[in-house]
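Overview (structure and organization)
The primary structure of each chain is shown beneath.
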Amino acid sequence: MTEHIITPAENVFFRMRKIVKQYYLGDEVMTVLRDVDLDVQEGEYLSVLGPSGSGKSTLMNIIGCLDLPTSGEYILHGQEVEALDEKELARLRSREIGFIFQNSQMLQRMDAMQNVELPLIYAGVRPRERARRAEEMLVKVGLADRLHHYPNQLSGGQQQRVAIARALVTRPTLLLADEPTGALDQATGRQIMQLFRELNEDGHTIIMITHDVNIARNARRVVNIIDGVLTEAEGEVNFA
Ligand code: ADP
Ligand code: MG
């Protein structure tokens, strides 16, 4: 692994150069990401804004090391991602990245605490420490009085908060969220956006994917993606 370590510039979280993603369907080649260049600094709050089918989730999967690009360079925390094997990728993911997927769901037969403790079990954290950290995270997302509620006893917004707590409990450096408010009513969506802002102020790097310009505006920096082409948003982004 050592020979692939590249000295990163100060505070660079990751760097992408000319990232291309293609899918092969029979004889047809479908290009989903086209020469994407993207640099993200530690502590940034970035939104990727684009319509349905523009390549957002594909990009998120590559950023999160769940998928590899067809070509291009991706360096995450000084590490050339392409050079890593499955085991190293899994370790990088569990150490660095918290995921909130488009349809993040709680596991049905577990209460809020058990859902949030799950990634800590995989990380080999001992029971008492697991419980302490899960409770701390649930308090942080505003669910102090719902620790032992099951999914069917929680609203959609509360379940989304549990998913956020679960993504953050391992203390990832990067939070990757794909349409985190997509399934929520506006008021709950606003609360989640407030929570993201607080998390960013606490030092978490956040990348939020959305098709909604009003949601994107919550981030400090917005990039647009259309038909697999990524561009920096023009003009002032007025985050309230
Ligand atoms: P978004 O998240 O912006 O809606 P996606 O990244 O999910 O877009 O998809 C971008 C395009 O890539 C879509 O046209 C989709 O059909 C296609 N696509 C995504 N995943 C695959 C796959 N595994 N195989 C073939 N095509 C795919
Ligand atoms: Mg998507």
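Residues numbered from 1 in each chain as written. Chains lettered and ligands numbered in written order. Predicted model: local features only at pLDDT ≥ 70, side-chain atom pairs only at ≥ 80, totals over all residues. Heavy atoms only, no water.

**So, unusual backbone geometry**
Residues other than glycine predominantly adopt negative phi, and peptide bonds predominantly adopt the trans conformation. Residues other than glycine seldom take positive phi values, yet Lys-18 does so here, at roughly 50°. Tracing the chain through its elements places Lys-18 in strand β1 (residues 12-25). For Lys-18, a relative accessible area of 53% corresponds to the exposed category. Positive phi values are uncommon outside glycine, yet Asp-35 reaches one of about 50°. (Helix = DSSP H or I, 4+ residues; strand = E, 2+ residues; numbered from the N terminus. Buried < 20%, exposed > 50% of the residue type's maximum accessible area, 1.4 Å probe, protein only.)

**Re the site of ligand 1**
The local shell around ligand 1 consists of Tyr-23, Met-30, Val-32, Pro-51, Ser-52, Gly-53, Ser-54, Gly-55, Lys-56, Ser-57 and Thr-58. Interatomic distance of 3.2 Å between a backbone N/O atom of Ser-54 and an oxygen atom of ligand 1. One of the side-chain nitrogen or oxygen atoms of Lys-56 is found 2.9 Å away from an oxygen atom of ligand 1. Protein chains shield 61% of the accessible area of ligand 1, which is 560 Å² for the free molecule. Elements that contribute at least two residues to the shell around ligand 1 include exactly β2 (28-41) and α1 (56-63). In terms of residues, the shell around ligand 1 owes the most to one element, α1, which gives 3 residues. Looking at the shell around ligand 1, its residues break down into 4 nonpolar, 6 polar and 1 charged. (Near = heavy atom within 4 Å. Polar contact = N/O pair within 3.5 Å; in protein donor to acceptor, adjacent residues only side chain to side chain. Areas by Shrake-Rupley, 256 points an atom, 1.4 Å probe, with all protein chains shown as cover. Nonpolar A, V, L, I, M, F, W, Y, C, P; charged D, E, K, R; others polar.)

**Looking at the sheet that holds strand β4 (residues 71-76)**
The 4 strands are arranged β2-β1-β4-β5 in an open sheet whose pairing can be described as antiparallel. Every other strand in the sheet has two partners, leaving β2 and β5 (79-80) as the edge strands with one partner each. Both β4 and β5 contribute to a ladder of 2 bridges, which runs antiparallel. Among the inter-strand pairings, Leu-76 is bridged to a residue of β5, identified as Gln-79. α1 contacts β1, β2 and β4 of the sheet and is inclined by roughly 125° relative to β1. (Pairing = 2+ DSSP bridges. Contact = heavy atoms within 4.5 Å. Axes fitted to C-alpha atoms, helices over the stretch in contact; angles between N-to-C directions.)

**Thoughts on the pattern of salt bridges**
Under the definition given, this model contains 12 salt bridges. The shortest N-O distance in the salt bridge between Arg-34 and Asp-227 comes to 3.9 Å. Residue Arg-34 is located in strand β2, and its partner Asp-227 is located in the loop between β9 (221-226) and β10 (229-232); the two are separated by 193 residues in the primary sequence. A salt bridge links Glu-232 to Arg-221, with the shortest nitrogen-to-oxygen separation between them at 2.5 Å. Highlighted residues: Glu-232 in strand β10 and Arg-221 in strand β9, separated in sequence by 11 residues. The class for Glu-232 is partly exposed, based on a relative accessible area of 43%. Because the salt bridges share partners, they merge into one network encompassing Glu-129, Arg-132, Arg-133 and Glu-136. (Salt bridge = Lys/Arg side-chain N within 4 Å of Asp/Glu carboxyl O.)

**Some remarks on the nonpolar core**
The biggest cluster of nonpolar side chains holds 33 residues, and the ones touching the most others in it are Val-116, Leu-138, Val-162, Ile-164, Leu-175, Phe-196 and Leu-199. Sorting the residues of this core by element identifies α3 (112-122), α4 (127-140), α5 (156-168), β7 (174-178), α6 (186-201) and β8 (205-210) as the ones contributing at least two each. In this structure, Cys-65, Leu-76, Ile-97 and Ile-209 belong to the second largest nonpolar core, which totals 30 residues. (Core = buried A, V, L, I, M, F, W, Y, C linked by side-chain atoms within 4.5 Å.)

**Quick word on a nonpolar patch on the surface**
On the surface, Tyr-23, Leu-25 and Met-30 cluster together into a nonpolar patch covering about 290 Å² of accessible area. By secondary structure assignment, the location of Tyr-23 is in strand β1. Classification of Tyr-23 as partly exposed rests on a relative accessible area of 32%. (Patch = residues over 30% accessible without salt bridge, like charges linked within 9 Å, V, L, I, M, F, W, Y side chains within 5 Å.)

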